[in-house]
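Inside the fold
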Amino acid sequence: TPDISLANVKGHLNQLQQIANANGGNRAHGQPGFKASIDYVKQKLDAVGFQTEIQSFSYSGRTGYNLIADWPGGQADQVLMAGAHLDSVSRGAGINDNGSGSAAILEVALEVARSGHQPDKHLRFAWWGAEELGLIGSTHYVDELSSAERARIDGYYNFDMVGSPNAGYFLYDGDNSDGTGSGPGPEGSAQMEGVLEDYFGSINVATRGTDFDGRSDYGPFIRVGIAAGGTFTGAEGRKTSAEAQLWGGTAGQAYDQCYHASCDTTSNINDTALNRNADAIAYAMWTLGGSESANDF
Ligand code: PHE
Ligand code: ZN
Ligand code: ZN
Ligand code: ZN
């Protein structure tokens, strides 16, 4: 599976920062920086052959958007999704939250095209609006799916904050192995976590489970029984001394001291964490996407 270029991912983050700078400093729901960012991502995907669609919704008197990008081919009834919220809070540019996940899945999608990848499953990428106001865009998407369309989605991977400066390596605990959150996720979630675990194992990075409680855009998916997974490098929580032993960084400090703050800029990124997570996303999409139907889950 491909090695995702950190330089390319950071290039997208620089573009998102510049778009924010030129549009009042953020990508918040209903603000011009959000739509300009959607257009940036869409134009990259259109140029390499994705089928893209902007889904509009209305929330608190303003129009929001999801961007859905389908890679042509694969089994139409075996859809593997990856998504990230593209909106920020209004306080700042939201480069770790969630430029990081947005840029990482964008580069993975572009690599699918570049390599002419033809997986067995049908790949779909999504950039959500208005996550920060309560998972509004992703909830709208799931609500609008017919039951037939829902049934075709085999799994959804979510990436929200994957470059935290004082990073942890957390996986949504789909198998409830760490006893976090509300118990195991829908059938298939454990396997989705297992694939990510395998990747981090292969680079000798330990992982820990994190709550599978719906505090990001996978929430609407698991609520309707769709398998989900994903990675997370931490938000306002503080790194424990055991975690600092495991991963380095600073015990007693927040994983991201700029969480939801104006200092969440391109300086607020841990390159190592971002690089590892981007490669993990590619590994998971290639592995579960399969090249033959042996990968049913
Ligand atoms: N969804 C939270 C936010 O955007 C961050 C978060 C991501 C929290 C993943 C927990 C797990 O602010
Ligand atoms: Zn946030
Ligand atoms: Zn977020
Ligand atoms: Zn687990």
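Keep in mind the model is a prediction, meaning the values are calculated, not measured. (Residues numbered from 1 in each chain as written. Chains lettered and ligands numbered in written order. Predicted model: local features only at pLDDT ≥ 70, side-chain atom pairs only at ≥ 80, totals over all residues.)

What follows concerns the overall build of the protein chain. Broken down by element type, the protein chain carries 9 helices and 8 strands. For a compact globule of 297 residues, the expected C-alpha radius of gyration is about 19 Å, and the protein chain comes in at 17 Å, within 12% of that figure. Taking the principal axes of the C-alpha coordinates as reference, the protein chain spans close to 45 × 40 × 35 Å. Buried residues in the protein chain amount to 52% of all 297 residues. (Helix = DSSP H or I, 4+ residues; strand = E, 2+ residues; numbered from the N terminus. Rg over C-alpha atoms; globule rule 2.2 N^0.38 Å. Buried ≥ 20, exposed ≤ 12 C-beta atoms within 10 Å, placed from the backbone.)

Across soluble globular proteins, you tend to see nonpolar side chains buried next to one another. Among the nonpolar cores identified, the biggest contains 76 residues, and Ala104, Ile105, Val108, Ala109, Ile281, Ala284 and Met285 are the most heavily contacted of them. The greatest single-element share of this core, amounting to 11 residues, is contributed by helix H9 (residues 271-289). Leaving out residues up to four positions away in the same chain, Val108 has contacts with Ile4, Ala82, Ala278, Ile281, Ala282 and Met285. (Core = buried A, V, L, I, M, F, W, Y, C linked by C-beta atoms within 7 Å. Contact = placed C-beta atoms within 7 Å.)

Moving on, we come to unusual backbone geometry. That bond from Asp97 to Asn98 is cis: its omega, 0°, falls within 30 degrees of zero. One non-glycine residue with positive phi stands out, namely Ala130, at about 55°. Taking the number of C-beta atoms within 10 Å as the measure of exposure, Ala130 has 26 and is therefore buried. Of note in the backbone geometry, Asn176 takes a positive phi value of approximately 60° without being a glycine. Considering the arrangement of structural elements, one finds Asn176 in the loop between strand S6 (170-172) and helix H6 (189-202).

All right, on to the pairing of strand S5 (residues 153-159) then. For S5, a buried count of 7 out of 7 residues is recorded, marking the element as mostly surrounded by other parts of the structure. Across 5 bridges, strand S3 (residues 75-85) lies against S5 in parallel orientation. Each residue of the ladder has a partner; that of Leu80, found in S5, is Gly155. Where S5 lies against strand S8 (residues 228-232), 4 bridges are found, and the strand directions are parallel. Note on S8: the bridge partner recorded for Asn158 is Gly230. (Pairing = 2+ DSSP bridges.)

End to end, H9 covers 26 Å across 19 residues, agreeing with the expected 27 Å (1.5 Å per residue, within 8%). Of all 19 residues making up H9, 16 are buried, and the element is well covered by its neighbours. Phi for Gly290, located one or two positions after H9, is positive at around 70°. (Expected span 1.5 Å × (residues − 1).)

Looking at chain direction, strand S1 (residues 51-59) and strand S2 (residues 62-70) are connected through 9 bridges and run antiparallel. Bridge assignment links Gln55 to a residue of S2, and that residue is Asn66. Between the end of S1 and the start of S2, which pair antiparallel, lie 2 residues, with Ser60 showing a positive phi angle near 45°. As judged from the 4 bridges shared by S2 and strand S4 (residues 121-128), these two strands associate in the antiparallel manner. Following the sheet pairing, Asp70 is matched in S4 by Arg124.

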